[in-house]
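Chain by chain, the residues run as shown.
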Amino acid sequence: MHTVVLTKGVPDFREGQVSFDEDGHLERGKTPTVMNPNDQFALEAALQTRVRHGGRVSVMSMGPPGYKEVLQEAMESVYADDLFLVSDREMAAADTWATAITLSAGIEKLGEPDIIFAGFKTADGETGHTGPQTNWCLDMPLVTHVISLDVDEDEGILRAKRLVKGDIEEIETVEASLPAFVVTDPEFVPSYRSAGDRLTLKDLREETKARAKHYEDHLTVWDHTDVNLDPDYIGLDGSPTIVSSVDPIPKAPAEREATMVDPDDEEAMEDVLEAMQSAAAGGD
């Protein structure tokens, strides 16, 4: 089976990694870019499918040249057989719709995958639009909020359990004919039932880590002409979204409260030792 996973680079929002200007706006140039965390679940679903049914996993992204490292992270952290980056200046400043048009054109150039996987939403935009909009361009059955899945190759059917309206208390089982588009939920958990599956998983994980060291040998970069796209319909020109305002991201506390203690002050040091002993013993 051939599966495609869509991924995106997002700012690394971990403490100490994010840089803000004086107005509280994110400074992307000074903040490291990492793979969108929710895309890991899509990758895990593709890897599970690869283990059970063989075939190939392609990972695709649209973005600047720096997204090559994001694709490398996807290959190394979970799994990928090959990588595809759709990238040039004509695609810059795209909203979700223009991004979806670009990604769908890239997928069509690959052929007709059996399953396309996408993460729930990105950590920066959080719209959750790109996956479903890409699917709309491709006109496939769409299953969202997927928490587990299996494929019947003989019947050409995907069976999935999904959260109903994102409610973790209500789960339904659905079927979709292949090819299909799957949006994984953060509650997705891969399943490897047999010893054979677990051994295959171990081998594939070792292979992908080795492959990621030389990821550029497995990377294909396409510009808008390669995927036959008109610049008027992609990037900023092809983006109907109008941003009326942007709210600053709340700044993390710049300082932590601390009490300076002179090592020569015996009474103060006794207080510090008493506090440490209390913490070690499980006190407040």
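Here, the structure is the one placed above.
*Asks:* How would you explain a negative patch on the surface if you had to name every residue and give the values?
*Replies:* A contiguous patch of negative charge, built from Asp 262, Asp 264, Asp 265, Glu 266, Glu 267, Glu 270, Asp 271 and Glu 274, is present on the exposed surface. Along the polypeptide, Asp 262 turns up in the loop between strand E11 (219-222) and helix H6 (266-280).

*Asks:* Report on unusual backbone geometry, specifying residues and quantitative values.
*Replies:* The residue after Leu 178, namely Pro 179, is reached through a cis peptide bond having omega 0°. You can see Pro 179 is positioned in the loop between strand E9 (167-177) and strand E10 (180-184). Phi is positive for Ala 93, which is not a glycine, with a value near 65°. Mapped onto the secondary structure, Ala 93 falls in the loop between strand E5 (82-86) and helix H3 (96-110).

*Asks:* Tell me about the packing of helix H2 (residues 67-77) against helix H5 (residues 195-212), residues and numbers included.
*Replies:* At a minimum axis separation of 7 Å, H2 and H5 run at an interaxial angle of 155°. The angle between the axes of H2 and H5 places the two elements in the roughly antiparallel class. Contact residues: H2 offers Gln 72, Met 75, Glu 76 and Ser 77, while H5 offers Arg 205, Thr 208, Lys 209, Arg 211 and Ala 212. Among the residues forming the contact of H2 with H5, the class breakdown is two nonpolar, three polar and four charged.

*Asks:* Could you give an account of the packing of aromatic side chains, with specific residues and numbers?
*Replies:* Aromatic ring pairs: the centre-centre distance and the angle between the two ring planes describe each pair. On inspection of all chains with the given rule, the structure shows two aromatic pairs. Measuring from ring centre to ring centre gives 5.1 Å for Phe 84 and Trp 222, while their planes differ by 35°; the resulting arrangement is tilted. Residue Phe 84 is located in strand E5, and its partner Trp 222 is located in strand E11; the two are separated by 138 residues in the primary sequence.

*Asks:* Tell me about the pairing of strand E4 (residues 56-62), residues and numbers included.
*Replies:* Of all seven residues making up E4, six are buried, and the element is well covered by its neighbours. The sheet contact formed by strand E1 (residues 2-6) and E4 spans five bridges and is parallel. Note on E4: the bridge partner recorded for Val 4 is Ser 58. Taken together, the five bridges between E4 and E5 define a ladder with parallel strand orientation.

*Asks:* Before we move on, can you summarise the pattern of salt bridges with the specific residues and values?
*Replies:* Taken as a whole and judged by the stated rule, the model has nine salt bridges. We note a salt bridge from Asp 150 to Arg 52, for which the minimum N-O separation is 3.2 Å. Highlighted residues: Asp 150 in strand E7 (residues 142-152) and Arg 52 in helix H1 (residues 39-53), separated in sequence by 98 residues. By relative accessible area, Asp 150 is classed as partly exposed at 26%. Across the salt bridge formed by Glu 175 and Arg 159, the nearest N and O atoms sit 2.8 Å from each other. Remark: Arg 159 occurs in strand E8 (residues 157-164) and Glu 175 occurs in strand E9; sequence separation between them is 16 residues. One network of salt bridges, in which partners are shared, links Arg 50, Asp 81 and Arg 211.

Reading the values: the criteria
Each chain carries its own residue numbering, running from 1 in the written order of its sequence. Two thresholds apply to this predicted model, a pLDDT of at least 70 for residue-level local features and 80 or more for giving and counting side-chain atom pairs, whereas whole-chain, interface and lining totals are computed over all residues. Hydrogens are left out, water is left out, and the side-chain values use all remaining heavy atoms of the structure. Think of a patch as exposed residues, more than 30% relative accessible area, with no salt bridge, where like charges cluster within 9 Å and nonpolar side chains (Val, Leu, Ile, Met, Phe, Trp, Tyr) cluster within 5 Å. Computed by Shrake-Rupley with a 1.4 Å probe, the accessible areas treat only the displayed protein chains as cover when residues are assessed. The term salt bridge refers to a side-chain nitrogen of Lys or Arg lying within 4 Å of a carboxyl oxygen of Asp or Glu. Two residue types count as positive, namely Lys and Arg, and two as negative, namely Asp and Glu; His and chain ends fall outside the count. To locate a charge, take NZ of a lysine, CZ of an arginine, CG of an aspartate or CD of a glutamate. Only DSSP runs of H or I with at least four residues qualify as helices, and only runs of E with at least two residues qualify as strands; both kinds are numbered from the N terminus onward. To get an axis, a line is fitted to the C-alpha atoms, and for a helix only the part in contact is used. The angle between two axes follows their N-to-C directions and goes from 0 to 180 degrees. For classification purposes, angles smaller than 35 degrees are called roughly parallel, those larger than 145 roughly antiparallel, those between 65 and 115 roughly perpendicular, and all remaining angles oblique. By definition in these notes, contact holds between two residues if any of their heavy atoms fall within 4.5 Å. Gly is put with the polar residues, along with every residue not named as nonpolar or charged; the nonpolar set is Ala, Val, Leu, Ile, Met, Phe, Trp, Tyr, Cys and Pro, and the charged set is Asp, Glu, Lys and Arg. Pairing of aromatic side chains here covers Phe, Tyr and the six-membered ring of Trp, requires ring centres within 6.5 Å, and sorts the geometry by plane angle: under 30 degrees stacked, over 60 edge-to-face, intermediate tilted. Per-residue accessibility, obtained with a 1.4 Å probe over protein chains only, is compared with the maximum for each type, and a residue is labelled buried under 20%, exposed over 50%, and partly exposed between these values. In short, DSSP must find at least two bridges between two strands for them to pair.

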